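One-letter residues, chain by chain:
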Amino acid sequence: MKATLLVLWMVQAMAAWTSGRELTPAREAHLEMTAREALTVAFADGAATLYADTYARSRSALLMTSVAARESGFDPRIQRHECRGEECDSGNAYCYMQIHLETGVVLSETGDWWFDAKAVDAIHADDLADPASCFRVGEHMLWKALHASRGKNLCRYTGERGNECPAGALRLNQAKDWLKDHPVPFSDEEVLAEFRGVPSN
């Protein structure tokens, strides 16, 4: 029940951030499926959790979807890399989070990542067609951006130079503003306890 309500909390945010698109039943179902993908990644073992409080995993999923909303609007066509003209940075960016992968990327359990095309566990651009892989790589890249700026900005993610990165600020502040009026409904431990089938304190 808690996990379901958490998904609905996410869907409300995602719909609000993409309010220029008609919220048909089909789109609402698509947003719900996408929210579940982001939350599954954020609550997985070894996730690159972006925060360090009792709501860290939910906040991580929220930031991932905030970025995705700005990058792609959760358009399934963009996720499939069926880009037109200058979309997807002229075809160079992939999936909901518009990730640039010139070669394979390896994800560490600490949140860090690096390029290594020959690594057995490398994730390549074609793999990002899977939404789970998209969010996994995106979360790690967000972790590195926040780590590099001590939590202040997403300049490294958006590729902007300096400390004043308007595109990164839009993505980061969108999630922060949502949280001001719509706090996370459950702690991470409450949600994880439900997954484990044990009562939470």
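Our structure's up above, just so we're on the same page.
A brief look at the structure comes next.

Of regular secondary structure, the protein chain possesses nine helices and two strands. Starting at the N terminus and walking to the C terminus, you meet the elements of the protein chain as α-α-α-α-α-β-β-α-α-α-α. Each principal axis of the C-alpha atoms in the protein chain carries an extent, and together these give about 45 × 40 × 35 Å. For the protein chain, buried positions account for 49% of its 201 residues. Relative to all contacts within the protein chain whose residues are 6 or more apart in sequence, the contacts with residues 24 or more apart total 58%. By element, 49% of the accessible surface of the protein chain is carried by carbon and sulfur atoms, the whole surface being about 10,500 Å². The averaged location of the 29 negative side-chain charges in the protein chain is 4 Å from the averaged location of its 21 positive side-chain charges.

For the rest of this paragraph, the subject is the environment of Thr54. Tracing the backbone through its elements, the reader meets Thr54 in the loop between helix H2 (25-42) and helix H3 (56-72). On the basis of relative accessible area, Thr54 is assigned to the exposed category, the value being 51%. Taking the C-alpha atoms as reference points, Thr54 and Thr110, separated by 56 residues in sequence, lie 18 Å from one another. Setting aside residues no more than four positions away along its own chain, Thr54 makes contact with Ser187 and Asp188.

Moving on to the environment of Leu63. Looking at the secondary structure, you find Leu63 in helix H3. For the pair Leu63 and Gln174, spaced 111 residues apart in the sequence, the C-alpha separation amounts to 8.4 Å. If near-sequence neighbours (up to four positions away) are discounted, Leu63 is found in contact with Leu50, Tyr51, Leu142, Leu146, Leu154, Arg171, Leu172 and Ala175.

Another aspect to go through is the nonpolar core. Of all hydrophobic cores here, the largest spans 55 residues; its most connected members are Met10, Leu63, Met97, Ile99, Leu142, Leu154 and Tyr157. Of all elements in the fold, only helix H1 (2-17), H2, H3, strand E1 (105-107), helix H6 (131-148), helix H8 (166-181) and helix H9 (188-196) reach the threshold of two or more residues within this core. For this core, the element with the most residues is H1, which contributes nine residues.

What follows is about the pattern of salt bridges. Where charged atoms of side chains with opposite charge meet at close range, the side chains can pair. For the structure on display, the rule yields nine salt bridges. The salt bridge partner of Glu87 is Arg77, with a shortest N-O separation of 2.7 Å. One end of the pair, Glu87, is in helix H5 (residues 87-91); the other, Arg77, is in helix H4 (residues 76-79), and 10 residues separate them in sequence. Salt-bridge contacts for Lys180 lead to Asp177; the nearest nitrogen and oxygen are separated by 3.5 Å. With a gap of three residues between them, Lys180 and Asp177 both fall in helix H8, about one helical turn apart.

This brings us to the side chain of Asn153. Positionally, Asn153 belongs in the loop between H6 and helix H7 (155-158). Only 3.1 Å separates the side chain of Asn153 from the backbone nitrogen of Cys155, close enough to count as a polar contact. Excluding anything up to four places from it in sequence, Asn153 contacts Ala145, Leu146, Asn163, Cys165 and Leu172.

Between its first and last C-alpha, H2 extends 26 Å over 18 residues, near the 26 Å set by a 1.5 Å rise per residue. Residues of H2 that are buried in the fold lie against H1, H3, H4 and H6.

Attention shifts here to the packing of H2 against H6. It is at 9 Å that the axes of H2 and H6 come closest, and there the two elements cross at 50°. Here H2 is positioned oblique relative to H6, judged by the angle of their axes. Crossing of H2 against H6: the hand is right-handed. Side by side, H2 and H6 meet where Thr34, Glu37, Ala38, Val41 and Ala42 of the first sit next to Pro131, Ala132, Phe135, Arg136 and Glu139 of the second. Looking at side-chain class alone, the contact of H2 with H6 contains six nonpolar, one polar and three charged residues.

Calculation notes
- Residues numbered from 1 in each chain as written.
- Predicted model: local features only at pLDDT ≥ 70, side-chain atom pairs only at ≥ 80, totals over all residues.
- Heavy atoms only, no water.
- Helix = DSSP H or I, 4+ residues; strand = E, 2+ residues; numbered from the N terminus.
- Buried < 20%, exposed > 50% of the residue type's maximum accessible area, 1.4 Å probe, protein only.
- Contact = heavy atoms within 4.5 Å.
- Areas by Shrake-Rupley, 256 points an atom, 1.4 Å probe, with all protein chains shown as cover.
- Lys, Arg positive; Asp, Glu negative; His and termini not counted.
- Charge placed at Lys NZ, Arg CZ, Asp CG, Glu CD.
- Core = buried A, V, L, I, M, F, W, Y, C linked by side-chain atoms within 4.5 Å.
- Salt bridge = Lys/Arg side-chain N within 4 Å of Asp/Glu carboxyl O.
- Polar contact = N/O pair within 3.5 Å; in protein donor to acceptor, adjacent residues only side chain to side chain.
- Expected span 1.5 Å × (residues − 1).
- Axes fitted to C-alpha atoms, helices over the stretch in contact; angles between N-to-C directions.
- Parallel < 35°, antiparallel > 145°, perpendicular 65-115°, else oblique.
- Left-handed = near helix turned anticlockwise from the far one by under 90°.
- Nonpolar A, V, L, I, M, F, W, Y, C, P; charged D, E, K, R; others polar.

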